[in-house]
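Examination of the molecular architecture
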Amino acid sequence: MNRIDKLIGDMTLAEKLGQLTMTAAGYAVTGPVIAGDSTDAIRTGAIGNLLNLVGPGPVREMQRLAVEESRLGIPLLIGLDVIHGHRTLFPIPLAEACLFDPQAWELTACEAAKEAACDGLAMTFAPNLDVSRDPRWGRTAEGPGEDPWVGSQLAHAKVRGFQGASLASSDTLAACAKHFCAYGSVTAGREYATVDISERTLREVHLPSFVAAVEAGVAAIMPAFMDLAGVPMTANTALLRHYLRDQLGFDGVLVSDYNAIGELIRHGVAADLTAAAVLALKAGVDIDMMSDAYRCGLPVALERGLVSMAEIDVAVRRVLGLKERLGLFDDPYRRGSKIESPEAVAQRRRLARSVATRAMVLLKNDHDTLPLSDTLHRLCVIGPLADAAGEMPGCWSTCAVPEGQVSVVAGLREGLPQTRIATAPGVDIEGGDRSGIAAALELCNGADAILLCLGESATMSGEAASRAFPDLPGQQRALAEAVFERARAQRIRVTVILFSGRPLVVPWLAEKADALVAAWFLGSEAGNAISDVVTGRASPSGRTPITWPRALGQVPIFYSERPSGRPADSNDRFASKYLDTSSEPLYPFGHGLSYGRFTLANLRVTPQLVDEDGTIAISVDLTNEGKRAAEETVFLFTRDKLATVARPKLELKAVGKITLQPGETGTVNMNLRAFDLRFLGLDLAPVFEPGDVEILVGPCADRSRLLVGAVCLTAKPALKGAAQVSGPAMKR
């Protein structure tokens, strides 16, 4: 009999339910503190999992209670939201998605895992895989943006990074992919609200990133808070049990979100805590986080015959199995026992700076305003986010300390030691006081350049941070308008550094700024990274993974919409367009400038039957006609113009990158499997249809900037629906 079988055979009902319970914990001067409980609950086995406990000392003390003072000595599973770093913070996920670089995504997750494991943690509630097309939703900041292909690539990378080659290693974490599923489509962008979307949208847009996480071996998945078409995800048997478990073969742990099982009562699908516990358990949820529904409700349900001991045992077995995979039985103290070297910590900070530098998106750069001149004598840095180190990490900076964060002003003073830097906030981020604007304007007089640091506070994005008006809060527009007017009068160029966890609806700002940088929230090294970019030590290379609307009425807005029978570019009044604004976004998906200037030419689409799927090799030449070395990102889209089901205007299939010196030419090569051109048919099974498919390559999702080729896909019945590929048809 193996260890887990023996434990289950020896456990009382209370001990089994303890393994299915996760409770928040902390540490005070007097010692460990558990929400709603005492440490005796660990000794009795009534609590088997903790969240929000951090630090090798407190973790070891709690673990010792479970291992050395409980009857069965089962170790605790201890987790925390390590979303974009732990002590060292990387850019928020939406910003990191701007890299379009799976290797970098994996590396930051790996480093976050190492740092968190040194604090005794064994689990992170990440990666966040919510595809979002609505910037009103605050948790847009936590995910990969609007595209399911990007979400899938990020899922693979983050799971590999957190979990490493072996979960038993002392420097890895169990990843928990969240929030399953379609959380990014909440009604009106309002947190926790209902979702009601088509089955096709669910499967083509919101499920692929979770499929990728399962393929990568993710240890756990967290259902979302909201309901999907009336069925709360925490009780969604069809998706949790039948789809995740049965269809995808996911055998890991399902962890409820915070109090989500108890909230089934408020959803109106459970009469009481017992009924809620039954629904969640039967749907396949293994761990009840913070609602005490399993501990309090399942004993009653068992007595009434609403659940069986066998069903409880299945969940207990999965939880114990994860603890075994994490090596907790063999050495419960392995995480938190190692002290990192100063060099390891310094290297992590260097990585954070590099990634932050690459995450920024240069949205606009008229008259080569950036980089700043080498002969800059006096620089004016204005705005409430100019010297706001505490805001730089953004949301989910649980373990960050203010002294570990670098503000914009601090970074610039380090990077421009010979330049006189004058700074003033002008206004608060959200307040209504304009009294500081006059003093800020005085500092602008005679400056060589002005940096205007505007945007949201860190708490204005993330969970419970939906915004009906996602523009500049408080009196920041008044400050900006005054600065623009003063700058025009003195012929000073103004660069806006815009901080946010979402695209902001600021077309007026984009029009008036000479240069505009989407800085998002860049983490611990934000100020140094911004200094690197604006001074030209690094060329910006980020590309926005989400469309920027020019008007709130365009939301939700995304590049991969399906064509209309009356397209917006028609001259007919009766077309799919607005009366009062353009249908086009302010900035399209993939947009981003650099200090180079790239031209694309000579697109080649070469069919190759190297396997039964058929591979299409795509190559394009790039030349850097600018004056500085820079990196360019090349997107590969497809368009199936004729299909049983109307396909999106563009679908992202691959991304390539190249760095070129001034005047240098190079080639980007990408591969596309013909069978990847499947879509979901009427029965929502993958369908391959022969015919012409456009291959579109370029710097963003603006079709006018894409080179276009084509392939003809021919069905080959002997290969069971796989494809032959024949002759490319080039056009510009």
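For the structure given in this document, a descriptive report is provided here. Since we're looking at a predicted model, the values are computed, not measured.

**Quick word on the sheet that holds strand S15 (residues 449-455)**
- With respect to topology, six strands assemble into an open sheet ordered S12-S17-S16-S15-S13-S14, the strand pairing being mixed. In the strand order of this sheet, the two ends are held by strand S12 (361-365) and strand S14 (420-424), each with one partner. Recorded for the sheet is a direction-independent mean angle of 15° between the axes of neighbouring strands.
- In the sheet, S12 pairs with strand S17 (residues 515-518) via four bridges, with the strands oriented antiparallel. Counterpart to asparagine 365 in the pairing with S17 is alanine 515.

**A word on the nonpolar core**
- Phe180 and Leu509 are the most contacted members of the largest nonpolar core, which totals 212 residues.
- The residues touching phenylalanine 180, leaving out its near neighbours within four places in the chain, are Leu207, Phe210, Ile221, Met222, Pro223, Ala224, Met233, Leu239, Leu240, Tyr243 and Leu244.
- In this structure, Leu636, Val693, Ile695 and Leu707 belong to the second largest nonpolar core, which totals 27 residues.

**Re unusual backbone geometry**
- Going from lysine 178 to histidine 179, the amide bond is cis rather than trans, its omega being -5°.
- Within the secondary structure, histidine 179 sits in strand S6 (residues 174-180).
- The omega torsion of the bond from leucine 370 to proline 371 falls at 0°, within 30 degrees of zero and hence cis.
- Tracing the chain through its elements places proline 371 in the loop between S12 and strand S13 (378-382).
- Here the phi dihedral of phenylalanine 100 falls at roughly 50°; this positive angle occurs in a residue that is not glycine.
- Tracing the backbone shows phenylalanine 100 in the loop between helix H5 (93-96) and helix H6 (102-118).
- Given a relative accessible area of 5%, phenylalanine 100 falls into the buried group.

**Focus on the environment of valine 54**
- When you line up the elements, valine 54 lands in the loop between strand S3 (49-51) and helix H4 (56-69).
- As a C-alpha pair, valine 54 and threonine 398 span 344 residues in sequence and 9.9 Å in three-dimensional space.

**Here's the deal with the pairing of strand S16 (residues 494-499)**
- Of all six residues that make up S16, six are buried, and the element is covered over most of its length.
- Side chains Val494, Val496 and Leu498 of S16 all project onto a buried face; the interleaved residues Thr495, Ile497 and Phe499 project onto the opposite face, where all are buried too.
- Note: S15 against S16, six bridges, orientation parallel. What sits directly across from leucine 451, in S16, is threonine 495.
- Handedness of the S15-helix H18 (residues 476-490)-S16 crossover: right-handed.
- Here four bridges tie S16 to S17, and the two strands are oriented parallel to one another. In the sheet register, threonine 495 faces S17, and the bridge partner there is alanine 515.
- This β-α-β element, S16 to helix H19 (residues 507-512) to S17, shows right-handed connectivity.

**Here we look at the side chain of glutamate 115**
- Along the chain, the position of glutamate 115 falls in helix H6.
- Sequence-distant contacts of glutamate 115, that is, excluding residues within four places in its chain, are made with His86, Arg87, Thr88, Glu340 and Arg348.

**Quick notes on the pattern of salt bridges**
- Throughout the structure, instances matching the rule amount to 48 salt bridges.
- Notably, a salt bridge pairs aspartate 81 with lysine 178, separated by 2.8 Å at the nearest N-O pair. Within this pair, whereas aspartate 81 is found in the loop between strand S4 (77-80) and H5, its partner lysine 178 is found in strand S6, the two being separated by 97 residues in sequence. Neither residue differs from the other here; aspartate 81 and lysine 178 are each classed as buried.
- For the salt bridge of glutamate 456 with arginine 502, the shortest nitrogen-to-oxygen distance reads 2.4 Å. Taken together, the residues span a long stretch of sequence, with glutamate 456 in the loop between S15 and H18 and arginine 502 in the loop between S16 and H19 at a distance of 46 residues. As far as burial versus exposure is concerned, glutamate 456 and arginine 502 are alike and both buried.
- Beyond isolated ion pairs, a larger network of salt bridges with shared partners links Glu111, Lys114, Glu115, Glu340 and Arg348.

**Topic: the packing of aromatic side chains**
- The full count for this structure, using the stated rule, is 12 aromatic pairs.
- Between phenylalanine 499 and phenylalanine 521, the aromatic rings sit 6.4 Å apart at their centres with planes inclined by 35°, giving tilted as the arrangement. With a gap of 22 residues between them, phenylalanine 499 in strand S16 and phenylalanine 521 in the loop between S17 and helix H20 (526-534) connect regions that are remote in the sequence.
- Through successive ring pairs, a cluster of aromatic residues spans Phe100, Tyr559, Phe589, Phe635 and Phe637.
- In this structure, arginine 133 is placed above the aromatic ring of phenylalanine 558, and the distance from its NZ or CZ to the ring centre is 4.1 Å.
- In this structure, lysine 178 is placed above the aromatic ring of tryptophan 396, and the distance from its NZ or CZ to the ring centre is 5.4 Å.

**A word on the state of the cysteines**
- In the structure shown here, the tally under the stated rule is zero disulfides.
- For the unlinked cysteine cysteine 399, the closest cysteine sulfur is that of cysteine 118, found at 13 Å.

**What about helix H7 (residues 148-163)?**
- Compared with an ideal rise of 1.5 Å per residue, which puts 16 residues at 22 Å, H7 spans 22 Å between its outermost C-alpha atoms and is within 8% of the ideal.
- Within H7, 12 of the 16 residues are buried, which leaves it mostly tucked inside the rest of the structure.
- By the N-cap criterion, in which a side-chain oxygen at the helix start approaches the backbone nitrogen of a residue two or three places on, H7 is capped by aspartate 147, the distance to tryptophan 149 being 2.9 Å.
- Positive backbone phi, at 60°, marks glycine 164, one or two positions downstream of H7.

**What to know about the packing of helix H17 (residues 437-444) against H18**
- Look at H17 against H18: their axes get within 10 Å of each other, and the N-to-C directions meet at 25°. Judged on the interaxial angle alone, H18 and H17 are roughly parallel. Crossing geometry of H17 relative to H18 is assigned as right-handed. Only Ala478, Leu479, Ala482, Val483, Arg486 and Gln490 of H18 make contact with H17, whose side of the interface consists of Ile437, Ala440, Leu441, Glu442 and Cys444.
- A breakdown of the residues in the contact of H17 with H18 according to their chemical character gives eight nonpolar, one polar and two charged.

So, how was this worked out
- Residues numbered from 1 in each chain as written.
- Predicted model: local features only at pLDDT ≥ 70, side-chain atom pairs only at ≥ 80, totals over all residues.
- Heavy atoms only, no water.
- Pairing = 2+ DSSP bridges.
- Helix = DSSP H or I, 4+ residues; strand = E, 2+ residues; numbered from the N terminus.
- Axes fitted to C-alpha atoms, helices over the stretch in contact; angles between N-to-C directions.
- Core = buried A, V, L, I, M, F, W, Y, C linked by side-chain atoms within 4.5 Å.
- Buried < 20%, exposed > 50% of the residue type's maximum accessible area, 1.4 Å probe, protein only.
- Contact = heavy atoms within 4.5 Å.
- Right-handed = clockwise from strand over helix to strand, strands pointing away.
- Salt bridge = Lys/Arg side-chain N within 4 Å of Asp/Glu carboxyl O.
- Phe/Tyr/Trp six-rings, centres within 6.5 Å; stacked < 30°, edge-to-face > 60°.
- Lys NZ or Arg CZ within 6 Å of the ring centre and 35° of its normal.
- Disulfide = S-S within 2.5 Å.
- Expected span 1.5 Å × (residues − 1).
- Polar contact = N/O pair within 3.5 Å; in protein donor to acceptor, adjacent residues only side chain to side chain.
- Parallel < 35°, antiparallel > 145°, perpendicular 65-115°, else oblique.
- Left-handed = near helix turned anticlockwise from the far one by under 90°.
- Nonpolar A, V, L, I, M, F, W, Y, C, P; charged D, E, K, R; others polar.

The values reported here are purely geometric and, on their own, carry no functional implication.
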